[in-house]
Every structure is written in structure tokens, then in C-alpha cells.
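Take a look at the letters that make up each chain.
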Amino acid sequence: MSRSGLFISFEGIDGAGKSSHIDGLAQAFRAQGRNVTLSREPGGTPLAEKLRELVLNDPMDALTEALLIFAARRDHLCQVIEPALARGDVVLCDRFTDATFAYQGAGRGFDTNLLSILERMAQTGVAPEPDLMREPDLTVWFDLAPEVAAERLAGARVPDRFESQPVEFFRRVAQGYADRAAAAPQRFARIDAAQDRHRVWQQLTSVFVRKGWLSIMVPTPGAVA
Ligand code: TMP
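Nothing here was measured: the structure is a model prediction, and the numbers come from that model.

Undergrad: Please explain the UniProt feature "binding site: ATP" (unreviewed entry) in the chain as it appears in this structure.
TA: The feature "binding site: ATP" (unreviewed entry), as given by UniProt, occupies G12, I13, D14, G15, A16, G17, K18 and S19 in the numbering adopted here. As for the annotated residues, the ones lining the largest pocket are I13, D14, G15, A16, G17, K18 and S19. Here G12 is to be found in the loop between β1 (6-11) and α1 (19-31). Assessed through its relative accessible area of 0%, G12 is described here as buried. For S19, the position within the fold is in helix α1.

Undergrad: Hey, could you run me through the layout of surface pockets in this one?
TA: Rolled over the atoms, a probe sized like a water molecule indicates the empty space that remains. Looking at the largest pocket, its volume works out to about 600 Å³. Contributions of two or more residues to the lining of the largest pocket are made by α1, α2 (46-57), α3 (62-87), α4 (97-107) and α6 (146-153). Counting residues per element, the lining of the largest pocket draws most heavily on α4, which supplies four residues. Here the residues of the lining of the largest pocket are counted per class, giving 12 nonpolar, six polar and 12 charged. For the second largest pocket, the calculated volume is near 170 Å³. Considering the residues around the second largest pocket, the lining is formed by 14 residues, among which A150, L153, E163, Q165 and F170 are closest to the centre. Those elements giving two or more residues to the lining of the second largest pocket turn out to be α6 and α7 (167-183). For the lining of the second largest pocket, the element with the highest residue contribution is α6, accounting for four residues. Classifying every residue of the lining of the second largest pocket gives nine nonpolar, two polar and three charged.

Undergrad: Can you walk me through a nonpolar patch on the surface in this structure?
TA: On the surface, a nonpolar cluster with roughly 440 Å² of combined accessible area is contributed by L63, L67, L114, I117 and M121. Elements represented by at least two residues in the nonpolar patch include exactly α3 and α5 (112-123). Ranked by residue count, the leading element in the nonpolar patch is α5, at three residues. With respect to the secondary-structure elements, I117 resides in helix α5. You can call I117 partly exposed: its relative accessible area is 49%.

Undergrad: Quick question: what am I supposed to make of the site of the ligand here?
TA: Neighbouring the ligand are 14 residues; D14, R52, R95, T100 and Q104 lie closest to it. With respect to the ligand, the side chain of R73 contributes an N or O atom lying 3.2 Å from an oxygen atom. At 2.8 Å, a side-chain N or O of Q104 approaches a nitrogen atom of the ligand. Taking 470 Å² as the accessible area of the ligand by itself, protein coverage stands at 95%.

Reading the values: rules and limits
- Going along each chain's sequence as written, the residues are numbered from 1 onward.
- Given that this is a predicted model, residues contribute local features only at a pLDDT of at least 70 and side-chain atom pairs are listed and counted only at 80 or more, while totals for whole chains, interfaces and linings are drawn from all residues.
- Note that the side-chain values use all heavy atoms of the structure and ignore hydrogens as well as water.
- UniProt positions are given in the numbering used here, feature names are shortened, and annotations may be inferred rather than shown by experiment.
- Grid points spaced at 1 Å over the protein atoms alone were grouped into cavities, where a 1.4 Å probe fits but cannot get out, and pockets, open sets with protein on both sides within 12 Å along at least five of seven lines, with lining residues defined by an atom within 4 Å of a point.
- Secondary structure elements follow DSSP: runs of H or I no shorter than four residues count as helices, runs of E no shorter than two count as strands, and numbering proceeds from the N terminus.
- Here's how the labels work: a residue is buried when its accessible area is under 20% of the maximum for its type, exposed when over 50%, partly exposed in between, all with a 1.4 Å probe on protein chains only.
- Grid points are joined across faces, edges and corners, and a volume is the space filled by probe spheres set on the points.
- Following the grouping adopted for this structure description, the nonpolar residues are Ala, Val, Leu, Ile, Met, Phe, Trp, Tyr, Cys and Pro, the charged ones are Asp, Glu, Lys and Arg, and the polar ones are all others, Gly among them.
- Within this analysis, patches are made of residues with over 30% relative accessible area and no salt bridge. Like charges are joined at 9 Å or less; nonpolar side chains (Val, Leu, Ile, Met, Phe, Trp, Tyr) at 5 Å or less.
- Surface accessibility in these figures is a Shrake-Rupley result with a 1.4 Å probe; residues are shielded only by whichever protein chains are displayed.
- Salt bridge, as used here, is a side-chain nitrogen of Lys or Arg placed within 4 Å of a carboxyl oxygen of Asp or Glu.
- Definition of nearness: a residue and a molecule or strand are near each other if at least one heavy atom of the residue lies within 4 Å of the molecule or strand.
- A 3.5 Å cut-off defines polar contacts: any pair of N or O atoms within that distance qualifies, except that in protein one atom must be a possible hydrogen donor and the other a possible acceptor, and neighbouring residues in sequence count only when both atoms are side-chain atoms.

Okay, here's the thing in C-alpha cells:
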């Protein structure tokens, strides 16, 4: 039986804890017989990973940054996401375009109308339906107060260009995510990321069970960091 692909993105400010749950979800889907493609943005292809290194480490002006992010996204869609969806995979993607609206738009103050134009250019004409602008079927948003995220991140790793921003920046990014979620409530699932890991996992998996994408509640994976 062929199954249609699912495209799920995971979002939130740095330190919200999303990455540690994505592997657990991949295991849960695989245990229920689905093929899973795990990926991330910026990145996910050899070219896009090179662009990621530049975007995260090299100083550049705001338009250059946005263009590189969407160039990476286009390559990722062409090389990885669309082929995976065509095979019927579950694609779990650590960040996608909502991050661009939150970080470059709300965080950096870049023109969101221009971001919408770039979004349409980069995400249209890759899916089998020529006019379809590819977007996630579901976006899981790990919502956490910037002050709490900053505490969690403190000393955890060498910060990149974004992680080293002041808490004010992350307040704007968090508001950017809230605005995106309010504009597309049917696509977003908000997770209260201030809860302990077990409760976050329960809330997360209950979203997938309600949608009929996972058939049972899955115990919190012990191996999740
Ligand atoms: P990560 O640390 O979650 O992998 O994300 C890399 C950083 O890139 C993170 O600080 C958010 C930032 N970012 C943007 O600024 N714009 C984007 O479109 C994406 C996908 C990530």
C-alpha cells in the first residue's frame, strides 16, 4: 500500500529543546513501519551544509543572509525533501521557513514582504503540482521564554552568530514565531517547552496520535539526550 509523505518541521528559539525530541519521533515512526527522512535547515544537502557554515559564521548583510538561506532551502527541497515525500517518507526537518520569518524577519528586522517573495520563488515548482508552494503539513513549535532558553544554553557550546545574540533578539524571534503560529493555526502545534522532558514528549506525541499519524502513545525514549 502506498502512503502519502508527511512533511513536519520543528521550530523554536535556540535552547528550546526541540532537537532532542526529533530523534525520538523518528524512532516512533519507524517502529510503526514508516520510512523517515531526518534533516535540518539551513543544511540537509552537501551544498546547503556549505551555505549553513557561511550563514552561521561569516558576517554579511541582511539580504545576502536571506538569499543564502533560501538558496540552501531550494537545494534541500530539490535534492532531499521532494524526493522523500514522493517515496511516501515522513520528513522530519529541524527548522524550515518559519525560522527565516522569525530570525531574519522579526529578529533582524528584515522586510517580511521580501521574505514572502523569496519564499514563493524558492518553494514553488519543485512539487509535482507546478503551482504548489511547498510548506510543512505540520509545524511543531517549541515555545519557551527567551530567559529560560538562555539559561539552558549558557556554557553548553560555542555560540554561533545567532546563539550569541542578546536576549532582546530572542524576544523578537519568539514573537515572530507567535505571529507565524497565529497566522496559520491549522498548521502549527504549540508545545509548552518549559515542561519537563517527559511532559514535552507526551504533549508532542499526543499531537501525532490525534492526527492519526502515530497509532499509540509512545513511552518517553530513554536514549533522548
Ligand atoms: P540550529 O542551531 O537549530 O540548527 O539552527 C541554526 C541557526 O540558524 C539557529 O540559530 C537559527 C538560525 N536560522 C536562521 O536564522 N534562519 C533560518 O531560516 C534557519 C533555518 C535557521
